[in-house]
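# Results of the structural survey
Each chain is listed here by its residues.
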2 protein chains.
Amino acid sequence: MKLLIIEDDRNLSATIRETAEELFTVEQAFDGEEGLFQAEQNIYDCILLDIMLPYMNGYEVLKRLRESKIQTPVIILTAKDGIDDKLHGFREGADDYIVKPFHREELIFRLKAVVRRSSGRSEDEVAVFHELTLDLKNRTARIGDTAVVLNGRQFDLMEYLLLNKNSIVTKEQIFDRIWGFDSETTVAIVEVYASKLRKSLKPFHYDRFIKTFRGLGYMLSDEEEQDG
Amino acid sequence: MKLLIIEDDRNLSATIRETAEELFTVEQAFDGEEGLFQAEQNIYDCILLDIMLPYMNGYEVLKRLRESKIQTPVIILTAKDGIDDKLHGFREGADDYIVKPFHREELIFRLKAVVRRSSGRSEDEVAVFHELTLDLKNRTARIGDTAVVLNGRQFDLMEYLLLNKNSIVTKEQIFDRIWGFDSETTVAIVEVYASKLRKSLKPFHYDRFIKTFRGLGYMLSDEEEQDG
DNA sequence: CCTGAACCATGAAACTTCTCATTATAGAAG
DNA sequence: CTTCTATAATGAGAAGTTTCATGGTTCAGG
């Protein structure tokens, strides 16, 4: 993954470079003409484009890029902050903009967003337990040939139990993962969804694989319940 | 924030150290006795404790710690993986456990969870816009002296607009932040909540500060709507 | 074996979120 | 100024989530 930073302030450019290197191989340009040239000569996955640039301003760079049919996602960097700027940028085909000064974390968030949106997530992973298959991409479940309706939280829970099969997971662990530790809700919700999930799996007799461990939590276990 | 790693495998200990240094100042011990000694002599915010240790096993360390009334959160590291182990660990007062081998990301997640849970988040930040006050901790809103009911997503949206006041935010930006870019939903939901939010603010005439920018997004603006 | 306390399961109801169809509006083009 | 089109606003209903109250289960201690 390659990123081009077009920014004349060398300090800022270096800072951005450091941050972005978590996600990209980074190249830099320090004025508009150089930036346009590089963008036309290479294939980047994303371009960070300052507006106030020597020789050719950012809007012009963006306009010419689009005229050359280069559709690389462009994130505009603007100073605080006329409305007109944004209108202008989006009209020319910018994908996002960031107002300076910005937080490192914000930049990463926006970069990730642009990348994900452009790369249409392709991992179609699947998790399997006996006859039960979870399609993690479409979030659908089937047992053998029959679709099982596991919506939202039920699917999340099933996925987490399966991920940790044959290992006890506490209600706190489940809660932290699915609801997030700063949720408004309490861990009691885990019991509710354990119940719902079992109900959904019951017609297939798969509820018997979900075992309760008093005072501990739950486990999806290969060994079936011993009766009597 | 200080973390103590009690782990005899020096490679693993070093790996954990690297990961944990994002969040903590790290100290290490390489056997049970040394670990117990350090834990009794210093104040840590969290302890990572292996079970299989020379001289004194992890359970014994944990038991003695608790006997000494040291309530530092302890995360147990166990190999894959007897049930008895976990029962044992939790009975002695462990706060969490991680099964080896684990992902770096999982370790960070658990560390954060333990820390947050123990440090009872204390930031009671507040965001203000004219007479409108958002209590970010309790997620409640008031205008002047009157409580305004903004539930869930409405509050999220208000918070995000306020965070970016006098700056246009696109629907994509709002969506990415509040719903997350891999959400099942579409950005159209943003319009729905903009509408709901305005409705909630209308009795206080605060809806007039939320402006729509066609083709761009929304802005919470200090300047009131110009009429006529 | 019986009892009590803690813990868990579960259904029903309240609430929130999301979808979708309809209506309204801004802005461009004639 | 009027019309047309794309975009946004909104209400209603469907779907999903959470709360809560009740009843069941386990396990320790008599």
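Residues numbered from 1 in each chain as written. Chains lettered and ligands numbered in written order. Predicted model: local features only at pLDDT ≥ 70, side-chain atom pairs only at ≥ 80, totals over all residues. Heavy atoms only, no water.

In the nomenclature of an unreviewed UniProt entry, chain A is known as Response regulator transcription factor of Sporosarcina gallistercoris.

Moving on: the packing of helix α6 (residues 152-163) of chain B against helix α8 (residues 188-201) of chain B. Residues and elements named next belong to chain B. Running from N to C, α6 and α8 cross one another at 90 degrees; their axes reach a closest spacing of 9 Å. Judged by the angle between their axes, α6 and α8 are roughly perpendicular. Mapping the contact onto sequence places Arg153, Gln154, Leu157, Met158 and Leu161 in α6 and Tyr193, Ala194, Lys196, Leu197, Ser200 and Leu201 in α8. Counted by class, the contact of α6 with α8 contains seven nonpolar, two polar and two charged residues. (Axes fitted to C-alpha atoms, helices over the stretch in contact; angles between N-to-C directions. Helix = DSSP H or I, 4+ residues; strand = E, 2+ residues; numbered from the N terminus. Parallel < 35°, antiparallel > 145°, perpendicular 65-115°, else oblique. Contact = heavy atoms within 4.5 Å. Nonpolar A, V, L, I, M, F, W, Y, C, P; charged D, E, K, R; others polar.)

It is worth spelling out the environment of Cys46 of chain A at this point. Residues and elements named next belong to chain A. Residue position: Cys46 is located in strand β3 (residues 46-50). By relative accessible area, Cys46 is classed as buried at 0%. Separated by 45 residues in the primary sequence, Cys46 and Met1 place their C-alpha atoms 8.4 Å from one another. Non-local contacts of Cys46, meaning those with residues more than four positions away in its chain, are made with Lys2, Leu3, Leu4, Phe24, Thr72, Pro73, Ile75, Leu111 and Val114. (Buried < 20%, exposed > 50% of the residue type's maximum accessible area, 1.4 Å probe, protein only.)

Further remarks concern the sheet that holds strand β12 (residues 217-220) of chain A. Residue and element names in this part refer to chain A. Read from one edge to the other, the open sheet built from three strands follows the order β10-β12-β11, with strand pairing classed as antiparallel. Either end of the sheet is taken by a strand with one partner, and the two such strands are β10 (169-170) and β11 (210-213). Inspection of the sheet shows β10 paired to β12 by two bridges, in the antiparallel sense. Bridge pairing in β12 links Val169 to Tyr218. (Pairing = 2+ DSSP bridges.)

All names here are of chain A. Side chains Ala141 and Ile143 project from strand β8 (residues 140-143) onto a buried face, and the interleaved Thr140 and Arg142 project onto a face without burial. Inspection of the sheet shows strand β7 (residues 132-135) paired to β8 by four bridges, in the antiparallel sense. Residue pairing in the sheet places Thr133 in a bridge with Arg142 of β8. Taking the residues that link successive antiparallel strands as the turn, the β7-β8 hairpin has four residues, and the phi of Arg139 there is positive, at about 55 degrees. Two elements, β8 and strand β9 (residues 146-148), share three bridges in a ladder whose sense is antiparallel. By the bridge assignment for β9, Arg142 is matched with Ala147.

Taken together, 20 residues lie around DNA strand C, and Lys171, Arg198, Thr212 and Tyr218 of chain A together with Thr185 of chain B are the ones closest in. The sugar-phosphate portion of DNA strand C accounts for 76% of its atoms within 4 Å of the protein, the bases making up the rest. Asn151 of chain B has a polar side-chain atom sitting 3.4 Å from a phosphate oxygen of DNA strand C. At 2.9 Å, a side-chain N or O of Trp179 of chain B approaches a phosphate oxygen of DNA strand C. Within the residue set of the surface near DNA strand C, elements represented by two or more residues are α8 (188-201) of chain A together with α6 and α8 of chain B. No other element matches α8 of chain A, which puts five residues into the surface near DNA strand C. For the surface near DNA strand C, a count of residues per class yields six nonpolar, six polar and eight charged. (Near = heavy atom within 4 Å. Polar contact = N/O pair within 3.5 Å; in protein donor to acceptor, adjacent residues only side chain to side chain.)

Keep in mind that most residues, glycine aside, have a negative phi and that most peptide bonds are trans. Located in the positive-phi region is Asn166 of chain A, a residue other than glycine, with phi close to 65 degrees. Relative to the helices and strands, Asn166 of chain A resides in the loop between α6 (152-163) and β10. One non-glycine residue, His205 of chain B, lies in positive phi territory at about 60 degrees. One can find His205 of chain B in the loop between α8 and β11 (210-213). The class for His205 of chain B is exposed, based on a relative accessible area of 52%.

Further remarks concern the sheet that holds strand β5 (residues 96-100) of chain B. Residue and element names in this part refer to chain B. A sheet is described by the order of its strands in space; here five strands give the open sequence β2-β1-β3-β4-β5, paired in parallel fashion. Each edge of the open sheet carries a strand with a single partner, namely β2 (25-29) and β5. On average, each strand axis in the sheet is tilted by 20 degrees relative to the strand beside it, whichever way the strands run. With respect to the sheet, helix α2 (residues 32-41) is in contact with β1 (2-6), β2 and β3 (46-50), its orientation differing from that of β2 by roughly 140 degrees. Against the sheet, helix α5 (residues 104-118) makes contact with β1, β3, β4 (74-79) and β5, and its axis sits at roughly 170 degrees relative to β5, the strand it touches most.

Our focus in this paragraph is the protein's contact with DNA strand D. Around DNA strand D, a shell composed of 20 residues is seen, among which Lys171, Arg198, Thr212, Arg214 and Tyr218 of chain B lie nearest. In DNA strand D, the atoms that sit within 4 Å of the protein are 69% sugar and phosphate, with bases accounting for the remainder. A distance of 3.2 Å is found between a phosphate oxygen of DNA strand D and a side-chain nitrogen or oxygen belonging to Asn151 of chain A. With respect to DNA strand D, the side chain of Lys199 of chain B contributes an N or O atom lying 3.0 Å from a phosphate oxygen. Elements represented by at least two residues in the surface near DNA strand D include exactly α6 and α8 of chain A together with α8 of chain B. Of the residues forming the surface near DNA strand D, the biggest block, five residues, is contributed by α8 of chain B. Along the lines of polarity and charge, the residues of the surface near DNA strand D split into six nonpolar, six polar and eight charged.

This brings us to the pairing of β12 of chain A. Residues and elements named next belong to chain A. Pairing of β11 with β12, which is carried by four bridges, proceeds in the antiparallel orientation. By the bridge assignment for β12, Ile210 is matched with Leu220. In sequence, β11 turns back onto β12 through a hairpin of three residues, with Gly215 there showing a positive phi of about 75 degrees.

A full pass over the atoms with the stated rule returns eight aromatic pairs over all chains. Geometrically, the ring pair formed by Phe175 of chain B and Trp179 of chain B is stacked, given 6.0 Å between the ring centres and 10 degrees between the ring planes. Judged by relative accessible area, Phe175 of chain B falls into the buried class, the value being 6%. Relative to Tyr193 of chain B, the ring of Trp179 of chain B lies with its centre 5.9 Å away and its plane at 50 degrees, an arrangement referred to as tilted. Here Trp179 of chain B, found in the loop between α7 (171-178) and α8, pairs with Tyr193 of chain B, found in helix α8; they are 14 residues apart in sequence, far enough to count as distant. Assigned by exposure class, Trp179 of chain B and Tyr193 of chain B land together as buried. Chaining the aromatic ring pairs together yields one cluster made of Phe129, Tyr206 and Phe209 of chain A. Residue placement shows Arg10 of chain A over the ring face of Phe30 of chain A; its charged tip is 3.8 Å from the ring centre. (Phe/Tyr/Trp six-rings, centres within 6.5 Å; stacked < 30°, edge-to-face > 60°. Lys NZ or Arg CZ within 6 Å of the ring centre and 35° of its normal.)

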